[in-house]
Amino acid sequence: MSGLVAGSATRALLRAGWRRAKGGDPPTNPAAPGTRWSEAVIWAAASGVAMTVARMVAQRGAAEAWKATTGGYPPGLETVSP
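Every value quoted in this text rests on a predicted model; they were computed, and no experiment measured them.

Caption draft 1: Molecular detail of the overall build of the protein chain. What the protein chain contains, in helices and strands, is two helices and zero strands. Here the C-alpha radius of gyration of the protein chain, 17 Å, is well above what a compact globule of 82 residues would show, namely 12 Å. Overall size of the protein chain, expressed as C-alpha extent along the three principal axes, is 55 × 30 × 15 Å. Counting only residues that meet the buried cut, the protein chain has 17% of its 82 residues in that class. Long-range pairs, those at least 24 residues apart, make up 42% of the contacts in the protein chain with a sequence separation of at least 6. Taken as a whole, the protein chain presents about 6300 Å² of accessible surface, with 63% of it coming from carbon and sulfur.

And the structure:
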């Protein structure tokens, strides 16, 4: 649930930032003839990074809430994958 909220908030912030910086809506279809390559690439990179960071923040927040409630992290969280 926290991931959905973080994703929605991040998407809204990204769109608002794009509108402020570019004066229009972000590209929704990178294959559309009116979309410039530079705008498509910038939007893809910005949204990918922002959504990944939002997901990580939401997951860490959920893990900390779990720890505050139960006294320990969720099972398997403390193990490190190679």
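Here the narrative resumes.
Caption draft 2: Highlighting the packing of aromatic side chains. Going through the model one piece at a time under the given rule, you end up with one aromatic pair. Summarising the aromatic geometry, the rings of W18 and W43 are spaced 5.5 Å apart at their centres and angled 80° between planes, so their arrangement reads as edge-to-face. Of this pair, W18 sits in helix 1 (residues 2-22) while W43 is found in helix 2 (residues 37-70), placing the two residues 25 residues apart along the sequence. For the pair shown, W18 and W43 are each scored as buried. Residue placement shows K22 over the ring face of W18; its charged tip is 5.7 Å from the ring centre.

Caption draft 3: Quick peek at the pattern of salt bridges. Per the counting criterion, the structure on display carries two salt bridges. A salt bridge links R19 to D25, with the shortest nitrogen-to-oxygen separation between them at 2.7 Å. A salt bridge links E39 to R36; the shortest N-O distance between them is 3.7 Å.

Caption draft 4: Here's a closer look at a nonpolar patch on the surface. Taken together, the side chains of V49, V53, M56 and V57 define a hydrophobic patch exposed on the protein surface, amounting to about 340 Å² of accessible area. Along the chain, V49 falls in helix 2.

Reading the values: the criteria
- Residues numbered from 1 in each chain as written.
- Predicted model: local features only at pLDDT ≥ 70, side-chain atom pairs only at ≥ 80, totals over all residues.
- Heavy atoms only, no water.
- Helix = DSSP H or I, 4+ residues; strand = E, 2+ residues; numbered from the N terminus.
- Rg over C-alpha atoms; globule rule 2.2 N^0.38 Å.
- Buried < 20%, exposed > 50% of the residue type's maximum accessible area, 1.4 Å probe, protein only.
- Contact = heavy atoms within 4.5 Å.
- Areas by Shrake-Rupley, 256 points an atom, 1.4 Å probe, with all protein chains shown as cover.
- Phe/Tyr/Trp six-rings, centres within 6.5 Å; stacked < 30°, edge-to-face > 60°.
- Lys NZ or Arg CZ within 6 Å of the ring centre and 35° of its normal.
- Salt bridge = Lys/Arg side-chain N within 4 Å of Asp/Glu carboxyl O.
- Patch = residues over 30% accessible without salt bridge, like charges linked within 9 Å, V, L, I, M, F, W, Y side chains within 5 Å.

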